[in-house]
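Examining the three-dimensional arrangement
Each chain, written out:
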Amino acid sequence: MYDSVEEKRPYGQGDASFQAAGGFDGIKALVDDFYAAMDTLPEAAHIRAMHPADLSTSADKLTRFLCGWLGGPRLFSEKYGPIAIPKFHQAFPIGPAERDAWLLCMKVAAAKQPFADDFKTYLLEQLYVPAERSRSRD
Ligand code: HEM
């Protein structure tokens, strides 16, 4: 007999994380809330100032990047070409405070999404890795 409960793959396996985030639309909502947080949180004012006035292209890029990064379709490279996140960010003055401000915006945004609580925790833990690798100064 088959179990009627759908088998849940661990996050990080195949596209399990992409699905847990609600696919493209779920990730887009996360990124919109992420940049809304960056736009309003006083703790993020200094990283907001590194970004262009109009955040729509930034949002499209991060949404597409995260789709592939979470095991879904590689929509970033499809539209914008290849990218290495740590290398790209070396051009910006990112230290521990900037890294933490970026992650705080993600935490605030993730809290607003209808994701499973364990996925929110997993997502923040995983994002620490590229955020730390994007650091260009102490
Ligand atoms: C550690 C703190 C971080 C800071 C302060 C930061 C800041 C920035 C800035 C200033 C830009 C350029 C403006 C723009 O194109 O929107 C940018 C671009 C971008 N960031 Fe970050 N970022 C951080 C971490 C991350 C992480 C962890 C990821 C991915 C998981 C990421 C993904 C991207 C992408 C995909 C772009 C667009 C790249 C392109 O233009 O080709 N960033 N970031």
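These notes cover the structure that comes with them. (Residues numbered from 1 in each chain as written. Predicted model: local features only at pLDDT ≥ 70, side-chain atom pairs only at ≥ 80, totals over all residues. Heavy atoms only, no water.)

1. A look at the site of the ligand
Surrounding the ligand, one finds 21 residues, the nearest of these being Ser58, Lys61, Phe88, His89 and Trp102. A distance of 3.4 Å separates a nitrogen atom of the ligand from a polar side-chain atom of Trp102. For the shell around the ligand, the element with the highest residue contribution is helix 4 (residues 56-69), accounting for four residues. A class-by-class count of the residues in the shell around the ligand yields 15 nonpolar, three polar and three charged. (Near = heavy atom within 4 Å. Polar contact = N/O pair within 3.5 Å; in protein donor to acceptor, adjacent residues only side chain to side chain. Helix = DSSP H or I, 4+ residues; strand = E, 2+ residues; numbered from the N terminus. Nonpolar A, V, L, I, M, F, W, Y, C, P; charged D, E, K, R; others polar.)

2. A closer look at the packing of helix 7 (residues 96-111) against helix 8 (residues 117-133)
The interhelical angle for the contact between helix 7 and helix 8, taken along N-to-C directions, is 160°, at an axis separation of 10 Å. Taken together, the axes of helix 7 and helix 8 are roughly antiparallel relative to one another. In the packing of helix 7 onto helix 8, the handedness of the crossing is right-handed. Along its contact with helix 7, which presents Arg99, Trp102, Leu103, Met106, Lys107, Ala110 and Ala111, the element helix 8 presents Lys120, Leu124, Leu127, Tyr128, Ala131 and Glu132. Each residue belonging to the contact of helix 7 with helix 8 can be placed in one class, and the counts come to nine nonpolar, no polar and four charged. (Axes fitted to C-alpha atoms, helices over the stretch in contact; angles between N-to-C directions. Parallel < 35°, antiparallel > 145°, perpendicular 65-115°, else oblique. Left-handed = near helix turned anticlockwise from the far one by under 90°. Contact = heavy atoms within 4.5 Å.)

3. Here's the deal with the packing of helix 2 (residues 23-40) against helix 7
Where helix 2 meets helix 7, the closest approach of the two axes is 8 Å, and the angle between their N-to-C directions is 125°. Taken together, the axes of helix 2 and helix 7 lie oblique to each other. In the crossing of helix 2 with helix 7, the sense of the turn from one axis to the other is right-handed. Within the contact between the two elements, helix 2 uses Leu30, Asp33, Phe34, Ala37 and Met38 and helix 7 uses Trp102, Cys105, Met106, Val108, Ala109 and Ala110. In terms of residue class, the contact of helix 2 with helix 7 is built from 10 nonpolar, no polar and one charged.

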